[in-house]
Amino acid sequence: MSAVVFRRNGWRARSHPAYWAFVTHRLSGLLLTAFLPVHFLVLAQALNGPAALDSVLRWTEQPLVRFVEWTVVALLAIHLIGGLRLLAIEWLPRHGWRNSRRSLAVGAVLLVALGFALALSPEST
Amino acid sequence: MTEARRQTLLWLAQRASAAVLAVCVTAHLATIFYVAREHLGAAEILDRTRGSWMLAMFYAVFVVAAAVHAPLGVRAICEEWLGWRGRPLDRATLVAAALLLAPGLGAVWAVFA
């Protein structure tokens with residue numbers, strides 16, 4: 001009986017936007033953590049001079065790598081906004097602006113992701 | 001130290017590092033936009049970073065905050081989703097922090113020196 005109640009509550013919890021905000025925050029954090037060592041490794045190439053770093057930067061100009069790069073920046077924006085949401089929930093006094101907060105979070109992530117796509121685009125040269 | 005106190009300290013470290021990272025990530029995103037928009041090459045990037053104590057200090061703080069924040073986040077995932085607990089998890093968290101801190105500070109040095 002208790003298992004049934006638990007499952008029903010689990011389903012109800014999973015249909016709530018806050019659950020998806022939680023999952024998104026966790027997964028984006030996990031992916032960013034996995035990316036960090038690669039990022040540090042690339043930057044360490046600078047020790048071998050600008051040419052070594054340039055060869056890596058040129059490699060990142062391939063469309064697929066560009067897409068991964070864009071995804072990482074989007075993940076960073078998602079994790080940042082999700083984190084600010086958490087800090088606001090835990091540290092700021094309660095407000096009746098929950099839906100506005102969600103809209104602001106989604107809007108801010110879109111702004112950063114689209115902005116970066118625009119900055120990457122050849123038109124900006 | 002009681003378990004409750006330990007958990008509280010870990011939570012506080014996670015949130016304090018998050019607050020530092022909020023500032024660092026915002027500045028980093030702005031830098032990423034600038035580099036992408038200006039299509040800066042390695043030489044131009046290194047021209048701006050080499051010998052800049054301000055940038056080196058900023059990125060050192062960024063790396064330290066990330067080395068505290070990320071392992072604690074992964075630790076929470078291991079505890080809640082995989083059921084890992086106890087000393088092995090404590091050790092793995094410390095190792096993860098060291099594995100981010102050392103190459104992270106190394107990368108800061110690489111673009112500064």
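The structure we're discussing is the one just above.
In this report, we go over the structure that sits alongside the text. (Residues numbered from 1 in each chain as written. Chains lettered and ligands numbered in written order. Predicted model: local features only at pLDDT ≥ 70, side-chain atom pairs only at ≥ 80, totals over all residues. Heavy atoms only, no water.)

1. Remarks on the overall build of chain A
In step 1: If you tally the helices and strands in chain A, you get five helices and zero strands.
In step 2: In chain A, the succession of α and β elements from N to C terminus is α-α-α-α-α.
In step 3: Counting only residues that meet the buried cut, chain A has 32% of its 125 residues in that class.
In step 4: For chain A, long-range pairs separated by at least 24 residues make up 71% of all intrachain contacts whose partners lie at least 6 apart in sequence.
In step 5: If you sum the accessible surface of chain A, you get close to 8,400 Å²; carbon and sulfur atoms cover 71% of it. (Helix = DSSP H or I, 4+ residues; strand = E, 2+ residues; numbered from the N terminus. Buried < 20%, exposed > 50% of the residue type's maximum accessible area, 1.4 Å probe, protein only. Contact = heavy atoms within 4.5 Å. Areas by Shrake-Rupley, 256 points an atom, 1.4 Å probe, with all protein chains shown as cover.)

2. Considerations on the interface of chain A and chain B
In step 1: At the interface, 35 residues of chain A touch 37 residues of chain B.
In step 2: Across the interface of chain A and chain B, roughly 3,000 Å² is buried in total on both sides, 78% from carbon and sulfur atoms.
In step 3: Along the contact surface separating chain A from chain B lie two salt bridges.
In step 4: Measuring nitrogen to oxygen at the nearest pair gives 2.8 Å for the salt bridge that ties B:Glu80 to A:Arg26. (Buried area = accessible area lost by both parts, 1.4 Å probe. Salt bridge = Lys/Arg side-chain N within 4 Å of Asp/Glu carboxyl O.)

3. Brief notes about the environment of B:Leu40
In step 1: With respect to the helices and strands, B:Leu40 occurs in the loop between helix H1 (3–38) and helix H2 (42–49).
In step 2: Setting aside residues no more than four positions away along its own chain, B:Leu40 makes contact with B:Tyr34, B:Val35, B:Ile45 and B:Arg48.

4. A few points about the packing of helix H3 (residues 50–59) of chain A against H2(B)
In step 1: One can describe the packing of H3(A) onto H2(B) by two numbers: an axis separation of 8 Å at closest approach and a directional angle of 125°. By the criterion of interaxial angle, the relationship of H3(A) to H2(B) is oblique. Contacts between H3(A) and H2(B) pair A:Pro50, A:Leu53, A:Asp54 and A:Leu57 from the former with B:Ala42, B:Ala43, B:Ile45 and B:Leu46 from the latter. (Axes fitted to C-alpha atoms, helices over the stretch in contact; angles between N-to-C directions. Parallel < 35°, antiparallel > 145°, perpendicular 65-115°, else oblique.)

5. Observations regarding the packing of helix H2 (residues 17–44) of chain A against helix H4 (residues 63–91) of chain A
Residue and element names in this part refer to chain A.
In step 1: The N-to-C vectors of H2 and H4 enclose an angle of 130°; their axes lie 9 Å apart at closest approach. One way to sum up the angle between H2 and H4 is to call them oblique. In this structure, H2 crosses over H4, and the sense of that crossing is left-handed. Contact with H2, carried on its side by Ala 18, Ala 21, Thr 24, His 25, Ser 28, Gly 29, Leu 31, Leu 32 and Phe 35, involves Val 72, Leu 75, Leu 76, Ile 78, His 79, Gly 82, Gly 83, Arg 85 and Leu 86 of H4 and no other residues of that element.
In step 2: The class makeup of the residues in the contact of H2 with H4 is ten nonpolar, seven polar and one charged. (Left-handed = near helix turned anticlockwise from the far one by under 90°. Nonpolar A, V, L, I, M, F, W, Y, C, P; charged D, E, K, R; others polar.)

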